[in-house]
Amino acid sequence: HVQLVESGGGSVQAGGSLRLSCAASGYTYSSTCMGWFRQAPGKERERVARVYTASSSTYYADSVKGRFTISQDSAKNTLYLQMNNLKPEDTAVYYCAAAVGQMACLIWAYEYWGQGTQVTVS
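This section reports on the structure supplied with the text. For clarity, every value in this text was computed on a predicted model and none was experimentally measured. (Residues numbered from 1 in each chain as written. Predicted model: local features only at pLDDT ≥ 70, side-chain atom pairs only at ≥ 80, totals over all residues. Heavy atoms only, no water.)

Attention shifts here to the sheet that holds strand S7 (residues 68-73). Across the sheet, which stays open at both edges, the four strands sit in the order S1-S3-S8-S7 with antiparallel pairing between neighbours. Every interior strand has two partners, whereas the edge strands, strand S1 (3-7) and S7, have only one. Pairwise comparison of adjacent strand axes, ignoring direction, gives a mean angle of 15° for this sheet. Summarising the sheet, strand S3 (residues 18-25) and strand S8 (residues 78-83) pair through six bridges and their orientation is antiparallel. Directly across from Ser 21, in S8, lies its bridge partner Tyr 80. (Pairing = 2+ DSSP bridges. Helix = DSSP H or I, 4+ residues; strand = E, 2+ residues; numbered from the N terminus. Axes fitted to C-alpha atoms, helices over the stretch in contact; angles between N-to-C directions.)

All right, on to the nonpolar core then. What tends to happen in soluble globular proteins is that the nonpolar side chains get buried as a cluster. Among the nonpolar cores identified, the biggest contains 26 residues, and Trp 36, Leu 81, Met 83 and Tyr 94 are the most heavily contacted of them. Where this core is concerned, the elements lending two or more residues are S3, strand S4 (33-39), strand S5 (46-52), S7, S8, strand S9 (92-99) and strand S11 (117-121). Look past the residues within four positions of Leu 81 in its chain and what remains in contact with it is Leu 18, Arg 19, Leu 20, Trp 36, Val 48, Ala 49, Phe 68, Thr 69, Ile 70 and Tyr 94. By size, the runner-up hydrophobic cluster in this structure holds nine residues, among which are Phe 37, Ala 104, Cys 105 and Trp 108. (Core = buried A, V, L, I, M, F, W, Y, C linked by side-chain atoms within 4.5 Å. Buried < 20%, exposed > 50% of the residue type's maximum accessible area, 1.4 Å probe, protein only. Contact = heavy atoms within 4.5 Å.)

For S9, a buried count of seven out of eight residues is recorded, marking the element as mostly surrounded by other parts of the structure. Pairing of S4 with S9 involves seven bridges; the strand directions are antiparallel. Across the sheet, residue Phe 37 finds its bridge partner in S9, namely Tyr 95. As paired strands, S9 and S11 are joined by three bridges and run antiparallel to one another. Residue pairing in the sheet places Val 93 in a bridge with Gln 118 of S11. One ladder, built from two bridges, connects S9 with strand S10 (residues 112-113); its direction is antiparallel. For Ala 98, the partnering residue across the bridge sits in S10 and is Tyr 112.

Quick look at the pattern of salt bridges now. It is possible for side chains of opposite charge to pair when their charged atoms get near one another. Per the stated rule, a full pass over the model turns up four salt bridges. The partner of Arg 38 in a salt bridge is Glu 46, and the shortest N-O contact between them spans 2.7 Å. For Arg 38, a relative accessible area of 5% puts it in the buried group. Under the relative-accessibility criterion, Glu 46 is labelled partly exposed at 36%. Among the salt bridges present, the one from Asp 90 reaches Arg 67, with a minimum N-O distance of 2.7 Å. (Salt bridge = Lys/Arg side-chain N within 4 Å of Asp/Glu carboxyl O.)

Let us now look at a nonpolar patch on the surface. A cluster of nonpolar side chains, namely Met 103, Leu 106 and Ile 107, defines an oily patch on the protein surface of about 350 Å² accessible area. Looking at the secondary structure, you find Ile 107 in the loop between helix H1 (102-106) and S10. (Patch = residues over 30% accessible without salt bridge, like charges linked within 9 Å, V, L, I, M, F, W, Y side chains within 5 Å. Areas by Shrake-Rupley, 256 points an atom, 1.4 Å probe, with all protein chains shown as cover.)

Shown next as structure tokens:
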């Protein structure tokens, strides 16, 4: 059983910062990539950022480039998302996810998901 647990969400004013964490447990082998997604009420889930576990190569959605930073602590099996200069449009439930295999990562076919953490920006 693989479990991902997000934390660090909250309510902040525009221009503020938050750091989200995602703790992973139950892995037999490490993931190939991990990512952050978000979903606002009434809208589809969207990609936020992704990092390849071995190379640390990253991807960011255009909407968050220059403001968000994804990072990982392999020893702790933890993923982070540092969010700076937050905007009201960043308001959403944020989810972390993990995938195994280069192809799965390439096509964003994530298999393991956390329960989500709410981020509200006013």
